[in-house]
Amino acid sequence: MSKRISLNAFDMTTPTHQSPGLWRHPDNRADTYNTLGYWTGLASTLERGTFDALFLADVLGVYDVYKNSSAPALLDADQVPLNDPFMQISAMAAVTTRLGFAVTSALTYEQPYALARKFSTLDHLTDGRIGWNVVTSYLESAARNLGLERQLDHDARYDLADEFMDVVYKLWEGSWEEGAVVKDRNRGIYTDPAKVHPINHEGEYFRVPGIHLAEPSPQRTPAIFQAGASARGRRFGAEHAEGIFLNSIRPDLTRKTTDATRDAFEAAGRPRGAAKIYALVTAVVADSDAAAEKLHREYLSYSSREGAMTFYGGWSGLDLSRYASDEELKYLDTNAARSALSIFTTADPKRSWTPNAVADYLGIGGIGPVLVGSPETVADEVERWVDEAGLDGINLAYAVTPGSFEQFVDLVVPELRKRGRVWEDYDGGTLREYISGPGENRVADTHPAARYRGAYAGLPSAADARATRTPEAVLGSTS
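An account of the accompanying structure is given in this report. Only a predicted model underlies this, so the values are computations on that prediction, with no experimental measurement involved. (Residues numbered from 1 in each chain as written. Predicted model: local features only at pLDDT ≥ 70, side-chain atom pairs only at ≥ 80, totals over all residues. Heavy atoms only, no water.)

**Some thoughts on the overall build of the protein chain**
Line of reasoning, step 1. Regarding its fold elements, the protein chain presents 16 helices and 13 strands.
Line of reasoning, step 2. Judged by the C-alpha coordinates and their principal axes, the protein chain covers about 70 × 50 × 40 Å.
Line of reasoning, step 3. Within the protein chain, buried positions represent 57% of all 479 residues.
Line of reasoning, step 4. The contacts in the protein chain between residues at least 6 apart in sequence include a share of 76% that link residues at least 24 apart.
Line of reasoning, step 5. A total of about 18,900 Å² of accessible surface is found on the protein chain, and carbon and sulfur atoms cover 49% of it.
Line of reasoning, step 6. Placing the 49 positive and 65 negative side-chain charges of the protein chain at their respective mean positions leaves the two points 2 Å apart. (Helix = DSSP H or I, 4+ residues; strand = E, 2+ residues; numbered from the N terminus. Buried < 20%, exposed > 50% of the residue type's maximum accessible area, 1.4 Å probe, protein only. Contact = heavy atoms within 4.5 Å. Areas by Shrake-Rupley, 256 points an atom, 1.4 Å probe, with all protein chains shown as cover. Lys, Arg positive; Asp, Glu negative; His and termini not counted. Charge placed at Lys NZ, Arg CZ, Asp CG, Glu CD.)

Structure follows, in structure tokens:
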């Protein structure tokens, strides 16, 4: 029997996520992104389609590389205005029981002590259905507005990320022992302080001496997702990720990436299947191929070339307004998201990429294939991409919302169910179970977070006057 295809939906708290200009389409309700009704309705639709999770993207700046201005992004609503992606999760969790939620947070501009509490809170409120897409940010505008003259160099951001993860793992997995929460009403003891430990972290970037503020949540550590495709990003993902998202333009090229990613898992001491790998996909579906192709042409008529170039400038750090529209682009090493540049200029060596070609490709769905056709045709293409590229599933973006998601749930999911490729019903209840299998609520023993499981037991606790020892003497340094 063929393996299950994992389905995630890809959205963002903004009028325009991956399809510039399509906010103007009369069927698009993306401009209601700032209402709870939009998000609760979408969550209910996705759970009906047995999607593993709704994946919420985020950035902490504006796309101002193109024409050296934020005006094009503002005119086209290209990921601005943009709300905080954490805020709607509790409302969506209240109208669902199984759908997972993977939220993006840029650790470069967070503090691990505070962010750890936020994720523990959401893990409690969702009954273990929360995941974290770990990013280091790629926009210079974010760095400027958050107190830096410029963002950290690309690889330095991942050095900081390694230590950040070490801190949150100590908080989530080690600070509170199993059984620390007693809830003994007769004795008046909620928590046994002897089983709660300060982590006493002293590092290059962070100093966190205290205990985790939140009691252990269903997963303790949220399911960890990652999308970095540079060499340094892949190394980070190989060590930490339980789910990896890829941008792809051809299945055969993507297969090279998925194979290399699984090789990297093994090099990091983890199994080849340590994480599920998903590719970005957009689908335009109708009752027949002809009707879907007509709908696709209609969508393209709303696409914004300026918006596509605005997106590309933010993703790559390259201002396409500086080049002739038919000038061939060459790979340049930038300090932004290297994968967004290399995927066009080096990933497909047989194709010449010009600003016009890039803008046309990005018109709908971003850096990923657009599958157009009947339910049978789209299901064929989803299977082909997953099987030929060595993927575990897809991250489904939209052309119009919620219409694109409804088309997929109502038309394609039943076809994939007939083929035995997606769930009839959920198997498991936490997001980690959807990734790792029923009963697997906690990080695997080979995951770096697991080294702190019980690591503080026997060390000074919150009951001690001075609790200054750390588990490093027992475990060895993490650096």
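**Overview of empty space enclosed by the protein**
Line of reasoning, step 1. Under the definition given, this model contains one cavity of 30 Å³ or more.
Line of reasoning, step 2. Size it by volume and the largest cavity reaches roughly 40 Å³.
Line of reasoning, step 3. Taken together, Gln226, Gly228, Ala229, Arg234, Ile244, Leu246 and Thr261 make up the lining of the largest cavity.
Line of reasoning, step 4. Taken together, the residues of the lining of the largest cavity sort by class into three nonpolar, three polar and one charged. (1 Å grid on protein atoms, 1.4 Å probe; cavity = no way out; pocket = protein on both sides within 12 Å on 5 of 7 lines; lining within 4 Å. Points joined across faces, edges and corners; volume = space filled by probe spheres on them. Nonpolar A, V, L, I, M, F, W, Y, C, P; charged D, E, K, R; others polar.)

**A short note on the environment of Gly128**
Line of reasoning, step 1. Relative to the assigned elements, Gly128 resides in the loop between α4 (112-125) and β4 (130-135).
Line of reasoning, step 2. Sequence-distant contacts of Gly128, defined by excluding residues within four places in its chain, comprise Asp123, Pro218, Gln219, Thr430 and Leu431.

**Overview of the packing of aromatic side chains**
Line of reasoning, step 1. Counted under the stated rule, the structure contains 20 aromatic pairs.
Line of reasoning, step 2. A ring pair is formed by Tyr205 and Phe206, whose centres lie 6.5 Å apart and whose planes are at 50 degrees; its orientation type is tilted.
Line of reasoning, step 3. In this structure Tyr205 comes out as partly exposed when scored by relative accessible area, which is 33%.
Line of reasoning, step 4. The cationic tip of Lys118 hangs over the ring face of Phe86; the distance from NZ or CZ to the ring centre is 4.6 Å.
Line of reasoning, step 5. Directly above the aromatic system of Tyr452 lies the positively charged group of Arg451, at a separation of 5.1 Å from the ring centroid. (Phe/Tyr/Trp six-rings, centres within 6.5 Å; stacked < 30°, edge-to-face > 60°. Lys NZ or Arg CZ within 6 Å of the ring centre and 35° of its normal.)

**A few points about the nonpolar core**
Line of reasoning, step 1. Counting 123 residues, the largest nonpolar core has Phe51, Leu54, Trp132, Met165 and Phe408 as the members making the most contacts within it.
Line of reasoning, step 2. Element by element, the count of residues in this core is highest for helix α6 (residues 154-174), at 10 residues.
Line of reasoning, step 3. Excluding anything up to four places from it in sequence, Phe408 contacts Leu7, Phe51, Ala283, Val378, Val382, Ile394, Leu396, Val413 and Leu416.
Line of reasoning, step 4. In terms of nonpolar packing, the next biggest core, distinct from the first, is built from seven residues, Leu22, Val284, Ala399 and Val400 among them. (Core = buried A, V, L, I, M, F, W, Y, C linked by side-chain atoms within 4.5 Å.)

**Digging into helix α1 (residues 36-48)**
Line of reasoning, step 1. Taking 1.5 Å of rise per residue, 13 residues should cover 18 Å, and α1 covers 18 Å from first to last C-alpha, within 8% of that figure.
Line of reasoning, step 2. When we look at burial in α1, the residues that qualify are Tyr38, Trp39, Thr40, Leu42, Ala43, Thr45, Leu46 and Glu47.
Line of reasoning, step 3. Contact partners of the buried residues in α1: β1 (6-12), β2 (53-57), α3 (89-94) and α14 (403-418). (Expected span 1.5 Å × (residues − 1).)

**Describing the packing of α6 against helix α7 (residues 231-240)**
Line of reasoning, step 1. At a minimum axis distance of 9 Å, the contact between α6 and α7 shows a crossing angle of 15 degrees. Between α6 and α7, the angle is such that the two are roughly parallel. The chirality of how α6 crosses α7 is right-handed. Of the residues in α7, those touching α6 at His154, Asp155, Tyr158, Asp159, Ala161, Asp162, Met165 and Tyr169 are Arg232, Gly233, Phe236, Glu239 and His240.
Line of reasoning, step 2. Here the contact of α6 with α7 is composed, by residue class, of five nonpolar, three polar and five charged. (Axes fitted to C-alpha atoms, helices over the stretch in contact; angles between N-to-C directions. Parallel < 35°, antiparallel > 145°, perpendicular 65-115°, else oblique. Left-handed = near helix turned anticlockwise from the far one by under 90°.)

**So, the side chain of Asp11**
Line of reasoning, step 1. Residue position: Asp11 is located in strand β1.
Line of reasoning, step 2. Of the side chains with opposite charge, Arg29 comes closest to the buried, unpaired Asp11, at an N-O distance of 13 Å.
Line of reasoning, step 3. In contact with Asp11, not counting residues within four places along its chain, are His17, Tyr38, Trp39, Leu42, Leu54, Phe55, Leu56, Ala57, Tyr398, Thr401 and Phe405. (Salt bridge = Lys/Arg side-chain N within 4 Å of Asp/Glu carboxyl O.)

**A word on the side chain of His201**
Line of reasoning, step 1. Checked against the element boundaries, His201 lands in strand β7 (residues 201-202).
Line of reasoning, step 2. When its relative accessible area of 4% is taken as the criterion, His201 is described as buried.

**Focus on unusual backbone geometry**
Line of reasoning, step 1. Residues Val80 and Pro81 are joined by a peptide bond in cis, for which omega reads 5 degrees.
Line of reasoning, step 2. Of note, the amide linkage connecting Thr401 to Pro402 takes the cis form, showing an omega dihedral of 5 degrees.
Line of reasoning, step 3. Along the chain, Pro402 falls in the loop between β13 (393-397) and α14.
Line of reasoning, step 4. Positive phi outside glycine occurs at Ala77, with the angle close to 55 degrees.
Line of reasoning, step 5. Relative to the helices and strands, Ala77 resides in the loop between α2 (71-76) and α3.

On their own, these measurements won't tell you what the molecule is for.
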